[in-house]
Amino acid sequence: MIRRRFVNLVAYNYSTGERSLHRLDAAKHLFYPSTAKAEAAHAKEEDNNGGNPKPPKIGSLRQLPLPSLRFETFATASNNDMDMDGESMVLLNSHSSEGKILHASDDGEDGWAVLYDADSGSATTMPYIEGPLGSEPTFISVAGAGKEEGSLYAMTNHYLEHSFHSSTVRSYTVVDGGRTICASIESKGTYWFDTRSHEWQKAGDWVLPFQGRAEYISELDTWFVIQPYNDHLCASSDLATAMADHRAPTLQHVWKYLDLPYESEYIVLKGRLRGISLRRSRNWSPDSVDLLNLGGGRFCIATVIQDQRTVSFGYESDTETEAEFVVLSGLEVVCDMMPAIEKKGGSEW
């Protein structure tokens, strides 16, 4: 896989329905110039804090890079309110290109798609997709063998075999050099899909030990995945072997990749309310997280954060979300220091 230069960010304007593509230079904003400088910065933090480095201060990205492309929602008879539901943006082949982006839309009956090339600034219409994509299709990019072109698969309830109907894709990954897609279906078990024969086979009643997509890093022969809602990066080299043996794989390494602030104040009231407790707290709560493979052992972790404030009075409590923003974390796994991690803050907007 190529080492990607850019992180593609799509911004949505709720007033106009317009989307814009912004390309963030990963080396400039998310990583130290070298592993040695990252290690030196980490050692300095330890020295300045008695051996316990403070979490790096998160910098603020004052504005996004200028847009490379602007595009609007497809206008259809059943989708004229410029809603984001039923639309997806995905790299066509993340293994060999970082600029070809597929914009897929669903009008409730059929799927439509346009291919944008961010490098040339061009757009190409794609053949329509028979049948609805649904509101949240699962796209899986599979690298081609040798000089073969890679493929992009869309997994939806409409196309899944009847036993999957109304079920949710819980987790998935690619094994066997891209030949096999492995997916765990909620309440159904785990299945294999052979990308050459286009046949499904049940692997077992167990499920993969994570949620979302696991990324395979060939340099380390290891799969990496983010566990949502608990701020942990996990890794395993056991997936392919375990599935070949028809057993559930295990996670072999777990790291906490993000330290989120939490503040709390506890007061015992006096006077007429004597003995009743009042607690105020503020915390950053992850709403969603995505792991982007940049190639060469580098990742960008995009975490949507909700800044929440909670007031508890006696047995009652009320929580309000004051702000929502994104934290981008640059992370590099170093081959000769496995499981060492290089990390440089991130950006928010």
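Keep in mind it's a predicted model, so treat the numbers as computed, not measured.

Enquirer: Before we move on, can you summarise the overall build of the protein with the specific residues and values?
Expert: The helix and strand tally for the protein stands at three helices and 24 strands. When burial is assessed residue by residue, the protein has 42% of its 349 residues classed as buried. For the protein, the proportion of contacts with a sequence separation of at least 24, taken over those separated by at least 6, is 48%. Accessible area for the protein stands at about 19,300 Å²; split by element, carbon and sulfur atoms hold 48% of it.

Enquirer: Can you explain the sheet that holds strand β4 (residues 69–72)? Please cite residues and give values.
Expert: Taken together, three strands build an open sheet; the order of strands is β1-β2-β4 and the sheet is antiparallel. Either end of the sheet is taken by a strand with one partner, and the two such strands are β1 (6–12) and β4. Ignoring strand direction, the axes of neighbouring strands in this sheet form an average angle of 25 degrees. Bridge count between strand β2 (residues 18–25) and β4: four bridges; the pairing is antiparallel. What sits directly across from L21, in β4, is L69.

Enquirer: So, the pattern of salt bridges: which residues are in play, and what are the values?
Expert: Throughout the structure, instances matching the rule amount to 15 salt bridges. With its nearest N and O atoms 2.8 Å apart, the salt bridge here joins E215 to R213. Judged by relative accessible area, which is 14%, E215 ranks as buried. Residue R213 is classed as partly exposed on the basis of its relative accessible area, which comes to 25%. For the salt bridge of R309 with E322, the shortest nitrogen-to-oxygen distance reads 3.0 Å. With R309 in strand β22 (residues 298–313) and E322 in strand β23 (residues 316–333), the pair connects residues that are 13 residues apart, well separated along the chain. For R309, a relative accessible area of 36% corresponds to the partly exposed category. Where salt bridges share partners, they join R3, R298 and E332 into one cluster.

Enquirer: I'd like to hear about the nonpolar core, residue by residue, with values.
Expert: Among the nonpolar cores identified, the biggest contains 18 residues, and F224, F299 and L331 are the most heavily contacted of them. Those elements that place two or more of their residues in this core are β17 (222–227), β18 (232–236), β21 (277–295), β22 and β23. Looking at this core element by element, the count peaks at four residues for β23. Ignoring sequence-local partners within four residues, the contact set of F299 consists of F31, E215, I217, F224, L291, L292, N293, L294, S329, G330, L331 and V333. In this structure, V175, A203, V225 and M243 belong to the second largest nonpolar core, which totals 13 residues.

Enquirer: Now, about the sheet that holds strand β12 (residues 180–185): what can you tell me, with residues and values included?
Expert: On the basis of which strands lie adjacent, the open sheet formed by five strands has the order β14-β13-β12-β11-β15 and mixed pairing. Each end of this open sheet is capped by a strand with a single partner; those strands are β14 (199–204) and β15 (212–213).

Enquirer: Give me the packing of aromatic side chains: which residues, what numbers.
Expert: Enumeration over the complete set of coordinates arrives at seven aromatic pairs. An angle of 50 degrees between the planes, with centres 5.1 Å apart, marks the rings of F193 and W200 as tilted. Their ring planes at 75 degrees and their centres at 4.8 Å tell us that W284 and F325 sit as a pair that is edge-to-face. With a gap of 41 residues between them, W284 in strand β21 and F325 in strand β23 connect regions that are remote in the sequence. The class of W284 is buried, set by a relative accessible area of 17%.

Enquirer: Outline the side chain of S281, listing residues and values.
Expert: Locating S281 in the fold gives a position in strand β21. Excluding residues within four positions of it along the chain, S281 makes contact with Y262, E263, S264, Q308, R309 and T310.

Enquirer: Account for the confidence of the model for the protein, with residues named and values stated.
Expert: For the protein, per-residue confidence averages 77 on the pLDDT scale, and residues scoring 70 or more make up 77% of the total. In the model, residues 77–83 has pLDDT below 50 throughout and makes 14 contacts with residues more than four positions away in sequence or in other chains. Across residues 337–349, where pLDDT falls below 50, the model places 63 contacts with residues more than four positions away in sequence or in other chains.

Enquirer: I'd like a description of the pairing of β2, backed by residues and values.
Expert: Two faces make up the sheet, and in a regular strand the side chains alternate between them. In terms of burial, β2 is a largely internal element, seven of the eight residues being buried. Both β1 and β2 contribute to a ladder of seven bridges, which runs antiparallel. Looking across to β2, one finds that V7 is bridged to L24. The hairpin turn running from β1 into β2, its antiparallel successor, is five residues long, and G17 in that turn takes a positive phi close to 80 degrees.

Enquirer: Outline the side chain of S236, supporting the account with residue identities and numerical values.
Expert: Position of S236 among the secondary structure elements: in strand β18. For S236, a relative accessible area of 1% puts it in the buried group. When near neighbours in sequence (up to four residues on either side) are disregarded, S236 contacts T222, W223, T250, L251 and Q252.

Enquirer: Run through unusual backbone geometry, naming residues and quoting values.
Expert: Positive phi, normally seen in glycine, also occurs at D221, with a value near 50 degrees. Its location among the elements puts D221 in the loop between β16 (215–217) and β17. Phi is positive for H246, close to 60 degrees, though the residue is something other than glycine. The exposure class assigned to H246 is partly exposed, which follows from its relative accessible area of 44%.

Here is what the cut-offs are and how they apply
- Residues numbered from 1 in each chain as written.
- Predicted model: local features only at pLDDT ≥ 70, side-chain atom pairs only at ≥ 80, totals over all residues.
- Heavy atoms only, no water.
- Helix = DSSP H or I, 4+ residues; strand = E, 2+ residues; numbered from the N terminus.
- Buried < 20%, exposed > 50% of the residue type's maximum accessible area, 1.4 Å probe, protein only.
- Contact = heavy atoms within 4.5 Å.
- Areas by Shrake-Rupley, 256 points an atom, 1.4 Å probe, with all protein chains shown as cover.
- Pairing = 2+ DSSP bridges.
- Axes fitted to C-alpha atoms, helices over the stretch in contact; angles between N-to-C directions.
- Salt bridge = Lys/Arg side-chain N within 4 Å of Asp/Glu carboxyl O.
- Core = buried A, V, L, I, M, F, W, Y, C linked by side-chain atoms within 4.5 Å.
- Phe/Tyr/Trp six-rings, centres within 6.5 Å; stacked < 30°, edge-to-face > 60°.
- pLDDT = per-residue confidence, 0-100.

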